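Topology and contacts: notes
As a plain string of letters, each chain reads:
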Amino acid sequence: GENVEQHPSTLSVQEGDSAVIKCTYSDSASNYFPWYKQELGKRPQLIIDIRSNVGEKKDQRIAVTLNKTAKHFSLHITETQPEDSAVYFCAARGANAGKSTFGDGTTLTVKP
Amino acid sequence: NAGVTQTPKFRILKIGQSMTLQCTQDMNHNYMYWYRQDPGMGLKLIYYSVGAGITDKGEVPNGYNVSRSTTEDFPLRLELAAPSQTSVYFCASKGGQASTEAFFGQGTRLTVV
């Protein structure tokens, strides 16, 4: 089955700096890659996603890039703010659209 | 429109007890999922369903059972609770096969002592 690895597990940045979180996946048939943000004690919520026919997608301060050949995708957050502090999860979903495999998460801390 | 609703929010079980975690959604979604999230870890899929009457195992199904008699409801049953089942459980749903975003419930924090 699909295996998703996420790095780093923790990331601390200064407010205003950029943050990058990387994920690799194993199944070349995966074609949908969402990113979720989970604040402490709350439910995961989708923040951005990308399909395999697109190399990059941007939404204000967040962007996701996908390299299908290398089977990795990354989340980029620019001009970080303290409210960006949370756990971020990547996931990969394949042709069997029923199931997504999640990475283990990255705890992002933005210091004011 | 409540989205995905889970009950209870918290529960403490004794080893060997059984319980059912309830999940209901009002978005007429076909796909529903149960995940568990252990401390500091990602989401592991327990069971999922692509429609009423259809269920399938995920990555970690042992010790759990599900049913999907209606589109709205997807209860998760724990039989003979064990300490290893201490976790936060999330139910989620999404529309059709081409639908992207999965909506999560607020979670159930379960402790088995």
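The numbering scheme is per chain: residues are counted from 1 as the chain's sequence reads. Going through the entries in the order they are written, you letter the chains from A and number the ligands from 1. pLDDT decides what is reported in this predicted model: residues at 70 or higher carry local features, side-chain atom pairs at 80 or more are listed and counted, and totals for whole chains, interfaces and linings draw on all residues regardless. Note: side-chain values were computed over all heavy atoms of the structure, leaving out hydrogens and water.

What follows concerns the sheet that holds strand 1 (residues 4-7) of chain B. Residues and elements named next belong to chain B. A sheet is described by the order of its strands in space; here four strands give the open sequence 1-3-8-7, paired in antiparallel fashion. In this open sheet, the two strands that pair with only one neighbour each are strand 1 and strand 7 (64-66). Strand-to-strand twist in this sheet, taken as the mean axis angle between neighbours without regard to direction, amounts to 20°. For strand 1 and strand 3 (residues 19-25), the ladder comprises four bridges, and the chain directions are antiparallel. What sits directly across from Thr-5, in strand 3, is Thr-24. Here, a strand pair is defined by DSSP locating no fewer than two bridges between the strands. Each helix corresponds to a stretch of at least 4 residues labelled H or I by DSSP, and each strand to a stretch of at least 2 residues labelled E; elements are numbered beginning at the N terminus. As a rule, the C-alpha atoms of each element are fitted with a line to give its axis, helices using only the stretch in contact, and angles between N-to-C directions run from 0 to 180 degrees.

Attention now goes to the state of the cysteines. Two cysteines form a disulfide when their sulfur atoms are joined by a covalent bond. Residues and elements named next belong to chain A. A pair of cysteine sulfur atoms is labelled a disulfide when the two atoms are within 2.5 Å. Enumeration over the complete set of coordinates arrives at two disulfides over all chains. Cys-23 shares a disulfide with Cys-90; S-S distance 1.9 Å. With the S-S dihedral at roughly -100°, the linkage between Cys-23 and Cys-90 falls on the left-handed side. Highlighted residues: Cys-23 in strand 3 (residues 19-25) and Cys-90 in strand 9 (residues 86-93), separated in sequence by 67 residues.

Attention shifts here to the environment of Arg68(B). Residue and element names in this part refer to chain B. If you trace the backbone, Arg-68 turns up in the loop between strand 7 and strand 8 (76-78). A relative accessible area of 4% means that Arg-68 is categorised as buried. Separated by 60 residues in sequence, Arg-68 and Pro-8 have C-alpha atoms that sit 19 Å apart. Each polar contact in these results corresponds to two N or O atoms within 3.5 Å; when the atoms are within protein, one needs to be able to donate a hydrogen and the other to accept it, and residues that are neighboring in sequence are counted only if both atoms are side-chain atoms. A polar atom in the side chain of Arg-68 sits 2.8 Å from the backbone oxygen of Asn-30. At a separation of 2.7 Å, a polar atom in the side chain of Arg-68 contacts the side chain of Ser-49. The buried label goes to any residue with under 20% of its type's maximum accessible area, the exposed label to any with over 50%, and the partly exposed label to all in between, with areas taken from a 1.4 Å probe on protein chains only.

What follows covers the sheet that holds strand 6 (residues 56-59) of chain A. All names here are of chain A. The strand order 1-3-8-7-6 describes an open sheet built from five strands, whose pairing is antiparallel. Each end of this open sheet is capped by a strand with a single partner; those strands are strand 1 (4-7) and strand 6. When the angles between neighbouring strand axes are averaged without regard to direction, this sheet yields 15°. As paired strands, strand 1 and strand 3 are joined by four bridges and run antiparallel to one another. Its bridge partner being in strand 3, Glu-5 is matched across the sheet by Thr-24.

This next bit is on the layout of surface pockets. Computed from the structure, the largest pocket encloses a volume of approximately 720 Å³. Those elements that provide at least two residues to the lining of the largest pocket are strand 9 of chain A together with strand 9 (87-94) and strand 11 (108-112) of chain B. Tallying contributions element by element places strand 11 of chain B first for the lining of the largest pocket, with four residues. Lining residues are defined by having an atom within 4 Å of a point belonging to a cavity or pocket. Those points lie on a 1 Å grid over the protein atoms alone, cavities being sets where a 1.4 Å probe fits but cannot get out and pockets being open sets with protein on both sides within 12 Å along at least five of seven lines. Grid points are joined across faces, edges and corners, and a volume is the space filled by probe spheres set on the points.

This next bit is on the pattern of salt bridges. Residues and elements named next belong to chain B. By convention in these notes, a salt bridge is any Lys or Arg side-chain nitrogen within 4 Å of a carboxyl oxygen on Asp or Glu. The tally for this structure, following the rule as stated, stands at six salt bridges over all chains. In this structure, Glu-79 engages Arg-77 in a salt bridge whose closest nitrogen and oxygen atoms are separated by 3.0 Å. Residue Glu-79 is classed as partly exposed on the basis of its relative accessible area, which comes to 36%. Owing to a relative accessible area of 32%, Arg-77 belongs among the partly exposed residues under this scheme.

Turning to the side chain of Gln6(A), a few remarks are in order. Residue and element names in this part refer to chain A. With respect to the secondary-structure elements, Gln-6 resides in strand 1. Residue Gln-6 is classed as buried on the basis of its relative accessible area of 8%. A polar side-chain atom of Gln-6 sits 3.1 Å from the main-chain amide nitrogen of Gly-105. We call two residues contacting when some pair of their heavy atoms lies within 4.5 Å. When sequence neighbours within four positions are dropped, the list of residues in contact with Gln-6 reads Ile-21, Lys-22, Cys-23, Trp-35, Tyr-88, Phe-89, Cys-90, Gly-103, Asp-104, Gly-105 and Thr-106.

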